[in-house]
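Observations on the model geometry
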Amino acid sequence: MSDAFERIFKAAVEAARSEDRRRIWLTAYLVVGFPTLTALITAYKDDVPLWLLLTLTVILLAISVVVAGTLHTNAQTVTRLYFDALDVKDTAEHAVADARNRVRDLERDQAARLQALEDDLAASRRSIEALSYQNTAGFLWANLLVTYVLPGRPRPTLAESITEVMSYITDRRADLFGMTDARELFDFAVYVFDPESRTLDNIWRFKHDRHPAASKGRSWAPGQGHVGKAFADQVSKVTSDTRQPEARALLNAAPRLLRPYDEEVYRSFASFPIGPLPGADLPMGVLTASSNASRRFDYGNTEVLKHAATVLAYLFLDHQNDHKGEQGHPDAPSGSGIDAAGGVA
């Protein structure tokens, strides 16, 4: 179609040029030819009969009128044809541009729909993988709890029990939470509530080697910070980005507990109360996970942490039953912990 409009436009241009040439010749006649003939007639009027002189004059006037009319009519026609061709060309170009824009819009919409479907498929795949990991973890942890109560089996320490439960999560942190960047400053920790000091003390920790925090984490009072609020409210606290205004209330703490690196290192956070078990008024502690990457945790991918917190509650209860009469934390003195290398800190 664009070729046809281009041919029409070229034909109009050629007609305009041809008319320009005719107008030049006719104008030359009016400017040069007609005055010359008039001058010749005037010069020889004495030698020419009057009737012939009048006839020639009328003929010249008639020719001049016809020429002038033809010039005017043709000029109008060619001008109209030329601008009509321009309008047709502009209309065609706009139509083609609109069609191309619609095609691009349709392609973008189709690409967006396809991307949305791919995102949904990826999300479904991640959900299925997460459920698979959670089911596997549930089976392993159930077997672990049964094994621990078997008579004659050597009793592991509380730190060893926590490591055995949490290693399933820490070893698979890339699959469970997307921690694929070797530079990501992750931190997994377990806090136990000390009824005497009324604080949540860190007894186990697994973190990145370059994490600026010490091997032993800070102690938190109930209701203080992310850890303390999860304990006091007895509900999980998951924050995808601690820079958001609604997350600020979860991070309020006494100035002595704040560190210069907190805002950069603890960008996303997940805290789960360990318990309370049936018949208990308070949880036994809190399981936490944090990262310097925003949107690392959500309530979907942290279900495995919630499950782990329940398993830890029964492990704590089992160790409490084995150490009745001991003061402080079961099986571990206040302030003990495990760093990322697996040693006691």
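In this report, we go over the structure that sits alongside the text. As the structure is a prediction and not an experimental result, all values here were calculated from the model.

**Remarks on helix α5 (residues 225–233)**
- Buried residues of α5: G225, H226, V227, G228, A230 and F231, and no others.
- On its buried side, α5 packs onto β1 (187–194), β2 (199–207), β3 (237–239), β4 (268–274) and β5 (285–291).
- Where α5 ends, the next residue or the one after it, Q234, has phi of about 60 degrees, a positive value.

**Looking at the side chain of T239**
- Of note, T239 is situated in strand β3.
- Judged by relative accessible area, which is 6%, T239 ranks as buried.

**Describing the packing of aromatic side chains**
- Scanning the entire structure with this criterion turns up six aromatic pairs.
- The interplanar angle of 35 degrees and the centroid separation of 5.9 Å between the aromatic rings of Y266 and F269 together place this pair among those described as tilted. Each member of the pair, Y266 as well as F269, carries the same accessibility label: buried.
- An aromatic cluster of at least three residues, connected via ring pairs, comprises F177, F186, F188, F206 and F297.

**Quick notes on the sheet that holds β1**
- Taken together, five strands build an open sheet; the order of strands is β2-β1-β5-β4-β3 and the sheet is antiparallel. Edge positions in the open sheet fall to β2 and β3, since each of these has one partner strand only. Strand-to-strand twist in this sheet, taken as the mean axis angle between neighbours without regard to direction, amounts to 15 degrees.
- As judged from the seven bridges shared by β4 and β5, these two strands associate in the antiparallel manner. Among the inter-strand pairings, P273 is bridged to a residue of β5, identified as V286.
- Of the strands in this sheet, β1, β2 and β5 are in contact with helix α3 (residues 158–171), which crosses β2 at around 55 degrees.

**With respect to α3**
- Between its first and last C-alpha atoms α3 spans 19 Å; for 14 residues at 1.5 Å apiece the expected length is 20 Å, and the two agree.
- The principal kink in α3, of about 35 degrees, is found at V165.
- Among the residues of α3, those classed as buried are L158, S161, I162, V165, M166, Y168, I169 and T170.

**Describing the environment of E160**
- For E160, the position within the fold is in helix α3.
- Overall, the relative accessible area of 46% leaves E160 in the partly exposed class.
- A polar contact is formed between the side chain of E160 and the backbone nitrogen of T157, at a distance of 3.0 Å.

**Concerning the pattern of salt bridges**
- Overall, the coordinates contain eight salt bridges when judged by the stated rule.
- Here K237 and D233 are joined by a salt bridge, their closest N and O atoms 2.8 Å apart.
- The class for K237 is buried, based on a relative accessible area of 15%.
- Judged by relative accessible area, D233 falls into the partly exposed class, the value being 43%.

**Notes on unusual backbone geometry**
- The omega angle of the peptide bond from G275 to P276 is 0 degrees, so this bond is cis rather than trans.
- With respect to the element layout, P276 can be found in the loop between β4 and β5.
- Phi is positive for R198, close to 55 degrees, though the residue is something other than glycine.
- Along the chain, R198 falls in the loop between β1 and β2.
- For R198, a relative accessible area of 46% corresponds to the partly exposed category.
- The phi dihedral of R295 falls on the positive side, at around 55 degrees, and the residue is not glycine.
- The topology assignment puts R295 in the loop between β5 and α8 (303–322).

Conventions we followed
- Residues numbered from 1 in each chain as written.
- Predicted model: local features only at pLDDT ≥ 70, side-chain atom pairs only at ≥ 80, totals over all residues.
- Heavy atoms only, no water.
- Buried < 20%, exposed > 50% of the residue type's maximum accessible area, 1.4 Å probe, protein only.
- Helix = DSSP H or I, 4+ residues; strand = E, 2+ residues; numbered from the N terminus.
- Contact = heavy atoms within 4.5 Å.
- Phe/Tyr/Trp six-rings, centres within 6.5 Å; stacked < 30°, edge-to-face > 60°.
- Pairing = 2+ DSSP bridges.
- Axes fitted to C-alpha atoms, helices over the stretch in contact; angles between N-to-C directions.
- Expected span 1.5 Å × (residues − 1).
- Bend = angle between axes of the 7 residues up to and from the residue.
- Polar contact = N/O pair within 3.5 Å; in protein donor to acceptor, adjacent residues only side chain to side chain.
- Salt bridge = Lys/Arg side-chain N within 4 Å of Asp/Glu carboxyl O.

Without other data, these values stay purely geometric and don't point to any function.
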